[in-house]
Amino acid sequence: MARPKMLKLPEVLEEIDMSRAAFYRMRARGQAPKLIRLPNGQIRCRRSDLDDWWERQENAAA
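Residues numbered from 1 in each chain as written. Predicted model: local features only at pLDDT ≥ 70, side-chain atom pairs only at ≥ 80, totals over all residues. Heavy atoms only, no water.

Participant: I would appreciate a short explanation of helix 2 (residues 20-28) in the present structure.
Facilitator: The α-helix winds at 3.6 residues per turn, so residues separated by three or four positions along the chain end up facing the same way. Listed as buried for helix 2 are A22, F23 and M26. The arc that holds every buried residue of helix 2, seen down its axis, measures 100 degrees, which confines them to one face. The inward-facing, buried residues of helix 2 abut helix 1 (9-16) and helix 3 (47-61). (Buried < 20%, exposed > 50% of the residue type's maximum accessible area, 1.4 Å probe, protein only. Helix = DSSP H or I, 4+ residues; strand = E, 2+ residues; numbered from the N terminus. Arc of directions from axis to C-beta. Contact = heavy atoms within 4.5 Å.)

Take a look at the structure:
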């Protein structure tokens, strides 16, 4: 079984066109895509979680 694609935080920020500070404010409000902290302290986002987040944003705007 293939491992899911994991995006680094800078990749997520580039895709959603948002600054790190704005992203963390959104995260504090519980409105950001789900992130995973790895044992080495790095942060990743599953591609599927980001796609689901995009879908929720589109539905909320409709």
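That covers the picture; the talk isn't over yet.
Participant: Just to check I follow, could you spell out unusual backbone geometry for this structure?
Facilitator: Note on backbone geometry: most residues besides glycine have negative phi, and most peptide bonds are trans. Here the phi dihedral of D17 falls at roughly 55 degrees; this positive angle occurs in a residue that is not glycine. Secondary-structure assignment places D17 in the loop between helix 1 and helix 2. Note on D17: relative accessible area 70%, which makes it exposed.

Participant: I would appreciate a short explanation of the packing of helix 1 against helix 3 in the present structure.
Facilitator: A packed helix pair is summarised by two numbers, namely the angle formed by the two axes and the spacing between the axes. Where helix 1 contacts helix 3, the axes come no closer than 12 Å and their chain directions differ by 25 degrees. The orientation of helix 1 relative to helix 3 falls into the category roughly parallel. Regarding helix 1 and helix 3, the two cross each other, and that crossing is right-handed. The segment helix 1 lies against helix 3, with V12, E15 and I16 engaging R47, L50, W53 and W54. When grouped by side-chain class, the residues that make up the contact of helix 1 with helix 3 number 5 nonpolar, no polar and 2 charged. (Axes fitted to C-alpha atoms, helices over the stretch in contact; angles between N-to-C directions. Parallel < 35°, antiparallel > 145°, perpendicular 65-115°, else oblique. Left-handed = near helix turned anticlockwise from the far one by under 90°. Nonpolar A, V, L, I, M, F, W, Y, C, P; charged D, E, K, R; others polar.)

Participant: What is the right way to look at helix 3 in this model?
Facilitator: In a regular helix each residue adds 1.5 Å, so 15 residues correspond to 21 Å; helix 3 covers 21 Å between its end C-alpha atoms and thus fits that length. All of the buried residues along helix 3 are D49, L50 and W53. Down the axis of helix 3, the sector holding all buried residues measures 100 degrees, keeping them to one side. Opposite the buried face of helix 3, by more than 90 degrees, sit the exposed residues E58 and N59. Looking at the buried side of helix 3, the elements it contacts are strand 1 (6-8), helix 1, helix 2 and strand 3 (43-46). (Expected span 1.5 Å × (residues − 1).)

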